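Take a look at the letters that make up each chain.
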Amino acid sequence: MRLQTLRNHIVREPPTLGHIIQSNAKTRQLNKGKQLHAQLICAGYPLCIFLTNHLLSMYAKCGQLDYALKLFDKMPQRNLVSWTAMISGFSQNFDFSTAIETFCQMRNEVKNPTQFAFSSVIRACASIETVELGKQIHCLALKSGFSYELFVGSNLADMYSKCCLMVEACKVFEEMTWKDEVSWTAMIDGYSKNGNFEEALLAFKKMMFEDVVIDQHVLCTTLGTCGALKAANVGKTLHSIVVKLGFELNISVRNALTDIYSKVRDMESAAYVFGAESECINVVSCTSLINGYVEADNIEKALSVFVELQSLGIEPNEFTFSSLIKACANHAALEQGTQLHAQVLKFNFDQDPFVSSTLVDMYGKCGLFKHSVQLFEEIGTPTEIAWNSLVSVYAQHGLGKDAIKIFDKMILSAVKPNSITFISLLTGCSHSGLVEKGLNYFYSMEKTYDVTPRVEHYSCLVDLLGRAGRLKEAEDFISKMPFELNAYGWCSFLGACKIHGDKCRAKLAAEQLMRLEPENSGARVLLSNIYAKERQWDDVRSIRKMMRDENVKKLPGYSWVDFGNKTHVFGAEDGSHPRKKEIYEKLDSLLDQIKEAGYVPSTDSIAIDMEDSMKAKVLHCHSERIAIAFSLISMPSRKPIIVKKNIRVCVDCHSAIKFISKVVGRKIIVRDNSRFHHFENGLCSCEDYW
């Protein structure tokens with residue numbers, strides 16, 4: 001464009017130039033906008049406020065706040081539009097504090113802000129949750145007559161909901177004369193984020209009743225609410241609305257659908273939505289599906305989705321890794337966990353607070369608590385999640401004194417403990433016999449740390465007292481609880497009654513446990529074992545008949561070990577393994593060795609009326625011993641043997657494994673359904689308190 005022609009444009013057609021600049025801003029064509037700005041400067045014409053405001057808006061929308069600010073500072077005169085462009089620009093580019101400062105400066109020069117300035121500054125207050133300043137701006141908007149305006153009202157409702165003031169948010173919303181999909185979405189999102197999920201769904205129904213346009217944003221928010229409520233039927237209804245409105249190919253909506261189906265454990269529908277359009281697959285949908293499989297306890301499927309994610313060239317994020325490592329922790333899948341750890345390092349997520357915490361937890365649950373400690377020490381600034389993971393690791397391994405030391409360090413680091421911290425701490429005290437310490441921590445929870453004890457904490461205290469043999473004290477504690485004891489608490493009390501031979505209280509505990517969980521065989525089996533120890537065989541037969549009549553089946557015990565990229569599972573008297581001949585030869589050899597070392601079978605643990613010699617044979621073929629025999633013939637001597645079991649290790653196997661660790665000179669780690677036992681040189685880390 002020639003210089004004279006450009007001058008003519010400036011004199012005669014400022015609206016045309018404004019339109020060009022506005023078009024460049026909308027299409028984010030920053031270079032073209034800069035060229036036009038340069039040509040205007042070269043033309044030697046001073047820019048009018050109209051064109052300068054358009055340039056300000058363009059630079060702000062394209063993220064060039066430095067350019068916008070320099071231009072703004074050089075303006076000889078500014079009007080409302082100039083100030084509003086800068087406030088909106090700072091807010092849109094996440095510089096919320098500067099947006100608020102600019103609004104305050106504007107108030108000194110211009111008396112009445114526009115609704116757009118109010119809208120932007122309120123959005124800034126919402127983003128940094130400065131509710132007191134937000135209230136002051138609300139008052140100013142009210143005086144200016146803009147508080148009921150659509151954009152201002154929507155942002156006010158959003159600000160109050162983000163600051164957990166739903167009453168104020170509702171009041172603003174109800175006072176708005178007209179509401180669009182943005183204002184409705186703000187309210188639905190506010191209800192959902194504040195945990196008022198039923199109110200969120202009710203607001204969506206009202207929105208539909210008032211015939212407001214349904215867009216992808218409100219659908220995503222409402223689907224998220226359904227996921228939180230596990231409302232499968234409502235989710236399916238929303239899915240039909242998605243299809244009807246033509247949003248099934250929208251990536252955000254598909255992600256939300258995958259997430260809701262995963263959360264309600266409808267993995268067939270989740271997988272269908274996930275795989276229907278490969279172009280819509282991204283890290284969010286993959287992570288939602290992985291998390292669904294993890295929650296459904298299907299680690300194989302979760303890992304297969306992870307492999308598919310990588311084959312599609314999609315990079316995993318911190319949530320992907322957290323979910324998968326959590327699955328490995330729950331299954332004690334050490335080999336898969338270590339492979340994921342290598343991937344974490346590759347993608348530089350090792351310092352992410354969630355990923356690092358789940359790694360600490362994973363190694364602990366796989367039996368390698370020293371690895372957990374090392375990883376924890378490598379975290380720059382541990383969050384409460386990391387501290388909780390480490391306290392939990394020590395508690396699971398029965399190292400109560402160490403758990404207390406970590407808790408003390410956590411307090412010294414000015415990290416506030418929460419309810420999860422105290423569950424782990426009380427568990428550690430219980431497994432280590434630290435009764436007085438545990439009692440002190442329980443009673444200091446609310447008084448010192450402002451953490452209200454829940455039923456889980458009361459159950460831990462029942463376990464603490466029961467293990468120590470203080471059954472009368474535990475019974476009194478249960479009777480004075482502010483709410484009913486849960487199944488875990490009664491099961492702990494019943495187990496303590498078995499250990500300490502209290503038949504009367506055991507019967508009471510069993511009755512309560514059967515009332516809470518009629519399908520749980522554990523109460524009947526434990527009670528049967530108590531009668532068997534006293535050789536009350538008629539009572540044992542009576543319980544077994546009751547189980548048959550009620551179709552309650554005893555949970556079979558099984559053990560497993562990981563070796564050669566495969567999980568080897570064994571049941572009692574299991575003869576299904578390809579190497580069964582070698583396994584049983586090793587098992588018999590071990591029996592001879594430990595008998596020479598002083599092992600005597602504890603036949604009282606078999607709740608069947610038979611000869612002691614037959615009981616000894618049954619004990620000899622328990623699943624954990626078969627798993628240990630397999631490990632000894634398969635694994636190199638430098639590698640620790642880690643056996644996992646789905647139920648509690650019996651007294652006789654505990655004694656036998658101590659002797660095995662001594663005669664073979666190997667460390668053996670056994671994880672049962674409540675804790676870890678580290679056997680070495682004929683001793684166990686639990687010191688026979690378990």
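Preceding block: the structure.
So, here is what we can say about the structure in this document.

Rules and cut-offs
Residues numbered from 1 in each chain as written. Predicted model: local features only at pLDDT ≥ 70, side-chain atom pairs only at ≥ 80, totals over all residues. Heavy atoms only, no water. Helix = DSSP H or I, 4+ residues; strand = E, 2+ residues; numbered from the N terminus. Rg over C-alpha atoms; globule rule 2.2 N^0.38 Å. Buried < 20%, exposed > 50% of the residue type's maximum accessible area, 1.4 Å probe, protein only. Contact = heavy atoms within 4.5 Å. Lys, Arg positive; Asp, Glu negative; His and termini not counted. Charge placed at Lys NZ, Arg CZ, Asp CG, Glu CD. Core = buried A, V, L, I, M, F, W, Y, C linked by side-chain atoms within 4.5 Å. Pairing = 2+ DSSP bridges. Disulfide = S-S within 2.5 Å. Patch = residues over 30% accessible without salt bridge, like charges linked within 9 Å, V, L, I, M, F, W, Y side chains within 5 Å. Areas by Shrake-Rupley, 256 points an atom, 1.4 Å probe, with all protein chains shown as cover. Salt bridge = Lys/Arg side-chain N within 4 Å of Asp/Glu carboxyl O. Axes fitted to C-alpha atoms, helices over the stretch in contact; angles between N-to-C directions. Parallel < 35°, antiparallel > 145°, perpendicular 65-115°, else oblique. Left-handed = near helix turned anticlockwise from the far one by under 90°. Nonpolar A, V, L, I, M, F, W, Y, C, P; charged D, E, K, R; others polar. 1 Å grid on protein atoms, 1.4 Å probe; cavity = no way out; pocket = protein on both sides within 12 Å on 5 of 7 lines; lining within 4 Å. Points joined across faces, edges and corners; volume = space filled by probe spheres on them. Right-handed = clockwise from strand over helix to strand, strands pointing away.

1. With respect to the overall build of the protein chain
At step 1: Looking only at helices and strands, the protein chain features 37 helices and 6 strands.
At step 2: Over its C-alpha atoms the protein chain spans a radius of gyration of 33 Å, topping by over 25% the 26 Å that the globule rule assigns to 690 residues.
At step 3: Along the three orthogonal principal directions, the C-alpha set of the protein chain runs to about 115 × 55 × 55 Å.
At step 4: A total of 690 residues make up the protein chain; the buried ones form 51% of that total.
At step 5: Taking as baseline every contact in the protein chain between residues at least 6 positions apart, the subset at least 24 positions apart corresponds to 63%.
At step 6: The distance from the centre of the 78 positive side-chain charges to the centre of the 78 negative ones in the protein chain is 2 Å.

2. Describing the nonpolar core
At step 1: In terms of nonpolar packing, the biggest core is built from 132 residues, with Phe103 and Phe321 touching the most fellow members.
At step 2: Ranked by the residues each element gives to this core, the list is headed by helix H8 (residues 115–128), at 7 residues.
At step 3: Among all residues touching Phe321, those that are not within four sequence positions of it are Phe306, Pro316, Leu340, Gln343, Val344, Phe347, Phe349 and Val355.
At step 4: With 48 residues, the next largest nonpolar core counts Cys429, Met445, Trp490 and Val525 among its residues.

3. Observations regarding the pairing of strand E5 (residues 676–680)
At step 1: Most of E5 sits inside the fold, with 4 of its 5 residues counted as buried.
At step 2: The pairing of strand E4 (residues 668–671) with E5 spans 4 bridges and is antiparallel. Within E5, the position partnered with Ile668 by the bridge is Phe679.
At step 3: With antiparallel pairing between neighbouring strands as the criterion, E4 and E5 make up a hairpin whose turn holds 4 residues.

4. Regarding the state of the cysteines
Here a disulfide denotes one covalent bond, and it connects the sulfur atoms of two cysteines.
At step 1: Tallied over the entire structure, the rule returns 0 disulfides.
At step 2: Considering cysteine sulfurs only, Cys164 is the nearest to Cys170, which forms no disulfide, with 13 Å between them.

5. Regarding a nonpolar patch on the surface
At step 1: Together, Phe319, Phe354 and Ile385 line one region of the surface with nonpolar side chains, adding up to about 280 Å² of accessible area.
At step 2: Positionally, Phe354 belongs in helix H22 (residues 353–365).

6. Structural notes on the packing of helix H23 (residues 369–377) against helix H24 (residues 384–396)
Two numbers describe a pair of packed helices, the interaxial angle and the distance between the axes.
At step 1: Direction vectors running N to C along H23 and H24 enclose 160 degrees, while the axes themselves pass 10 Å from each other. By the angle class used here, H23 and H24 are roughly antiparallel. Between H23 and H24 lies a crossing whose hand is left-handed. Note on element contacts: H24 touches H23 through Ala386, Trp387, Leu390, Val393 and Tyr394, opposite Phe369, Ser372, Val373 and Phe376.
At step 2: Here the residues of the contact of H23 with H24 are counted per class, giving 8 nonpolar, 1 polar and no charged.

7. A word on the pattern of salt bridges
When charged atoms on two side chains of opposite charge get close, those side chains can pair.
At step 1: Enumeration over the complete set of coordinates arrives at 19 salt bridges.
At step 2: The partner of Glu473 in a salt bridge is Arg470, and the shortest N-O contact between them spans 2.8 Å.
At step 3: Using a relative accessible area of 27% as the deciding quantity, one classes Arg470 as partly exposed.
At step 4: Its salt-bridge partner being Glu582, residue Arg579 comes within 3.0 Å of it at the nearest N-O pair.
At step 5: Salt bridges sharing partners connect three or more residues here, namely Glu436, Arg470 and Glu473.

8. Some remarks on the layout of surface pockets
At step 1: For the second largest pocket, the calculated volume is near 720 Å³.
At step 2: Contributing to the lining of the second largest pocket are 28 residues, with Asn330, His331, Ala333, Trp560 and Arg671 lying nearest its centre.
At step 3: Grouping the amino acids of the lining of the second largest pocket by side-chain chemistry returns 8 nonpolar, 10 polar and 10 charged.

9. Things to note about the pairing of E4
At step 1: The side-chain alternation of E4 yields two buried faces, one formed by Ile668 and Val670 and the other by Ile669 and Arg671.
At step 2: As defined by bridge partners, strand E3 (residues 641–645) adjoins E4 across 4 bridges and the pair is classed as parallel. Bridged to Ile642 within E4 is Ile669.
At step 3: What joins E3 to E4 is helix H37 (residues 651–664), and the crossover it makes is right-handed.

10. A closer look at unusual backbone geometry
At step 1: Of note in the backbone geometry, Phe94 takes a positive phi value of approximately 65 degrees without being a glycine.
At step 2: Mapped onto the secondary structure, Phe94 falls in the loop between helix H6 (80–92) and helix H7 (96–109).
At step 3: The exposed category is assigned to Phe94, whose relative accessible area is 67%.
At step 4: In the Ramachandran plot, Ala332 falls in the positive-phi region, its phi being about 50 degrees despite a non-glycine side chain.
At step 5: Relative to the elements of secondary structure, Ala332 occurs in the loop between helix H20 (318–331) and helix H21 (334–346).
At step 6: Its relative accessible area of 1% is what places Ala332 among the buried residues.

11. Here we look at the sheet that holds strand E2 (residues 567–571)
At step 1: Spatially, E2-E1-E3-E4-E5-E6 is the arrangement adopted by the 6 strands of the open sheet, whose pairing is mixed. Either end of the sheet is taken by a strand with one partner, and the two such strands are E2 and strand E6 (683–684).
At step 2: Against the sheet, H37 contacts E4, E5 and E6, and its axis sits at roughly 40 degrees relative to E5.

12. Re the side chain of Ser154
At step 1: By the secondary structure assignment, Ser154 is in helix H10 (residues 150–162).
At step 2: Among residues more than four places away in sequence, those in contact with Ser154 are Met176, Asp180, Val182, Ser183 and Ala186.

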